[in-house]
Amino acid sequence: MEDAKLLIINLTARTYRTEIIPEKIVRHYIGGRGLGAYLLYKNLPAGTDPLSSENVLIFTAGPAQNLSVPFSPKAVLTTKSPLTGIYLYSVSSGAIGHNIRKAGYMAIMIIGKAEEPLYLHIADEKVTFHKANHLWGKDTLTTQKLLLDETKDKRASTAVIGPGGEKLILYASIITEGDKFRAFARGGPGCVMGSKNLKGLVISGTKTYQPADPEALSMFKRKIAAAIRENSVWAELRRRYGTGDDMPFMNKVGMLPTRNWQTGVWEEDKLKGIAPMLNAGIWPRKNIACGPYCPNPCSHYLEIKSGPYAGVAVDGPEYETMYAFGSNLGIDKFDAVAAAASLCDLNGIDTISTGLTISFLTECYEKGLIDRNYTEGIELAFGNDEAVIQCLKKIIAREGIGHHWGEGTRRLSATINGSSSFAMHCKGLEMGGYECRAFYGQALQFAINPKGGDHHGMGLPARSEAADGSNKVIKGKGEYLKEDAIGRVIADSAIVCVFPRKFLFPLFHEMLTALTGFLYSPEEVTKAGMRIIAQERLFNVREGLGRKDDTLPPRLLKEPLPDGPYKGSIVPLEELKDEAYRAFGWDLETGEPTPQLLSELEVN
Ligand code: SF4
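What you see is a predicted model; the values in this text were computed from it and never measured.

The rules behind the values
Residues numbered from 1 in each chain as written. Predicted model: local features only at pLDDT ≥ 70, side-chain atom pairs only at ≥ 80, totals over all residues. Heavy atoms only, no water. Near = heavy atom within 4 Å. Nonpolar A, V, L, I, M, F, W, Y, C, P; charged D, E, K, R; others polar. Domains from an automatic or database assignment. Pairing = 2+ DSSP bridges. Helix = DSSP H or I, 4+ residues; strand = E, 2+ residues; numbered from the N terminus. Axes fitted to C-alpha atoms, helices over the stretch in contact; angles between N-to-C directions. Contact = heavy atoms within 4.5 Å. Buried area = accessible area lost by both parts, 1.4 Å probe. Salt bridge = Lys/Arg side-chain N within 4 Å of Asp/Glu carboxyl O. Polar contact = N/O pair within 3.5 Å; in protein donor to acceptor, adjacent residues only side chain to side chain. Buried < 20%, exposed > 50% of the residue type's maximum accessible area, 1.4 Å probe, protein only.

### Remarks on the site of the ligand
As a matter of local geometry, the ligand sits amid F71, P73, K74, C290, C294, N296, P297, C298, C497 and F499. Split into classes, the residues belonging to the shell around the ligand amount to 8 nonpolar, 1 polar and 1 charged. When we break the shell around the ligand down by domain, the ones giving at least three residues each are domain 1 (4-204) and domain 2 (235-426).

### Description of the sheet that holds strand 13 (residues 286-288)
Pairing between sheet strands relies on hydrogen bonds along the backbone, with the strands arranged either parallel or antiparallel. Judged by pairing direction, the sheet is antiparallel, and its 3 strands sit side by side in the order 13-14-15 without closing on themselves. Pairing within the sheet leaves two strands with one partner each, and these edge strands are strand 13 and strand 15 (313-315). The average undirected angle you get between the axes of adjacent strands in this sheet is 25°. The sheet contact formed by strand 14 (residues 299-303) and strand 15 spans 3 bridges and is antiparallel. Considered in strand 15, the bridge of L302 is made with V314. Packed on one face of the sheet, helix 12 (residues 334-347) meets strand 14 and strand 15 and runs near 80° to strand 15.

### Here's the deal with the pairing of strand 8 (residues 126-131)
Bridge count for strand 7 (residues 118-123) against strand 8 is 6 bridges, and the pairing is antiparallel. Paired with L118 across the bridge in strand 8 is K131.

### Overview of the domain arrangement of the protein
When its domains are assigned, the protein resolves into domain 1 (4-204), domain 2 (235-426) and domain 3 (439-500 + 521-601). Using C-alpha coordinates to define each centre, domain 1 is positioned 28 Å away from domain 3. Between domain 1 and domain 3, the residue contacts involve 38 residues of the former and 27 residues of the latter. Both faces combined, the contact of domain 1 with domain 3 buries some 2,700 Å², and carbon together with sulfur accounts for 61% of it. Summed over the three residues of domain 1 that lose the most area to domain 3, namely R33, Y41 and Y87, the buried surface amounts to 28% of that side. In this structure, the connection of domain 1 to domain 3 is made through 3 salt bridges. In this structure, the salt-bridge partner of D492 is R33, at a minimum N-O distance of 3.0 Å. The interface formed by domain 1 and domain 3 holds 18 residue pairs in polar contact (both at pLDDT 80 or more) in total. Of the residues assigned to the side of domain 1 that touches domain 3, the class counts are 22 nonpolar, 12 polar and 4 charged.

### Some thoughts on the pairing of strand 3 (residues 57-60)
Residues L57 and F59 point to one face of strand 3 and I58 and T60 to the other, with burial holding for every one of them. With 4 bridges joining them, strand 3 and strand 6 (residues 107-111) adopt antiparallel strand pairing. Paired with F59 across the bridge in strand 6 is I108. With 3 bridges joining them, strand 3 and strand 4 (residues 74-80) adopt antiparallel strand pairing.

### Describing the environment of E579
With respect to the helices and strands, E579 occurs in helix 24 (residues 573-584). What makes E579 buried here is its relative accessible area of 17%. Residues contacting E579, with those up to four places away along its chain left out, are I474, K475, G476, K477 and G478. Engagement of the side chain of E579 in a polar contact is seen with the backbone nitrogen of G476, the distance being 2.9 Å.

### Considerations on the sheet that holds strand 4
Spatially, the 6 strands line up as an open sheet ordered 2-1-6-3-4-5, and their pairing is mixed. Each end of this open sheet is capped by a strand with a single partner; those strands are strand 2 (15-21) and strand 5 (87-93). Direction aside, neighbouring strands of the sheet carry axes that sit 20° apart on average. In this structure, strand 4 lies alongside strand 5, joined through 7 bridges in antiparallel fashion. Its bridge partner being in strand 5, L77 is matched across the sheet by S90.

Printed below as a string of structure tokens:
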């Protein structure tokens, strides 16, 4: 494998330099999420204010980028989150990861703060700094088009913020890949970028690489092609309906969060309004790939032609957006969900955190904890799509009460008496769409996820638990989760898509060995996954987090599910945490990785 290079760009001084990343670090942390976790830990002192110039933005590629690996249109961004105050990594689709490697880098770390709005143009070894005052205030699509025009760099990828990041909405995203609106979405990376006065970056390069073992890589590709054929039902459903392909099943088993997680079952007639496979009128859409080298595209492009939301053009919406603006807000109009998603994408804010902030406010309103004076005239109610759009516009403008709403659910609940039990976040990050009172592995995933309420950073056990019926088993649940978590961590570090997990994860040792030339046995892949998980955990421990912080909203611990197949369920969290801590090698009392574990994994 060629030398892995780190490009360090200082916005304050307008300088840049490169470093070679030691081979041992690349072998141990692979790339992507693993390398980002290592670099963040080494470069960010404990207690750093996420919105200070000291915070860093680290874009990483992995060994799978720029080598035509199937399912590899991915990149990772790592920083300290302004929303949660802890570790944050975020995966985006698109060609940007490939372009980072084409430019010659495995990682790009941006430090400091520009005096005035800037954008960066990275073309192979050269980095140029450009004024971006004329772009400030522009939406993410317009900005990307203008950046490509101005730099005349047609091969480039762009990554930009919209008004959300400029106005420091704490859950602002970074958008890439033009009108495919792919995003480094969760936890507020766009807010960090905005705090640095960085409107965007343009990146391209001309470098090509050879895999360490071309023949082995060809064999791996043939195995993937065969696996897609063998899993033709799954592949066809994904191509046709995208990530919302199993919403009816999720609803049937009580896993679809509804009306701010009051239940996991939505009324069937309402589900029909947005679920792709139940409503031929809204689906299928034009099937597209999220970036280069996907052999089984699951994305969709949609243009609304008529009705109150005519003119909206959006990617997806994907399952998580259909949950956040659909079932969880009681909205059964597909076009309204798409319109809300489009507003988020154009303005650069995370759909999940935005939707859950509004669903939280809606429950507060329905319970009489806030009123029309508080909402500045908006009549909130589950199912009221017009009110949702009004709230969204207030958040984006960050004016009046909307300023406060841009700070997310945790901060809001601290100001509304009696609301904390249904503020649906973990560690400050609003939760992804898996009702887990009866899916203990998934509940555990949320509780120990290093970035908070993300639904799949430590695996996605909910679906396998539903399939194998182990959802309410406690004993052994830590090991059950660990296997899935390691697969996810390696996928995010390599970097490849997690959707074909069933047939892709078991081939990681072959893929990594073929790409890098380092001999990765299955045991070494597992060890690398454990190392990365420990490194992430160590960052949060250094910030003062421990066992007490691995928790869930009180609703999931104390309020039994009111209906559905698992009526009456709550999460027995402390027992589950013991299972997880034993499996991951963390101290049962403190939740910290033990010194013995860190020594075995060579983490320091
Ligand atoms: S399966 Fe979907 S998300 Fe994964 S690489 Fe392909 S288009 Fe992208």
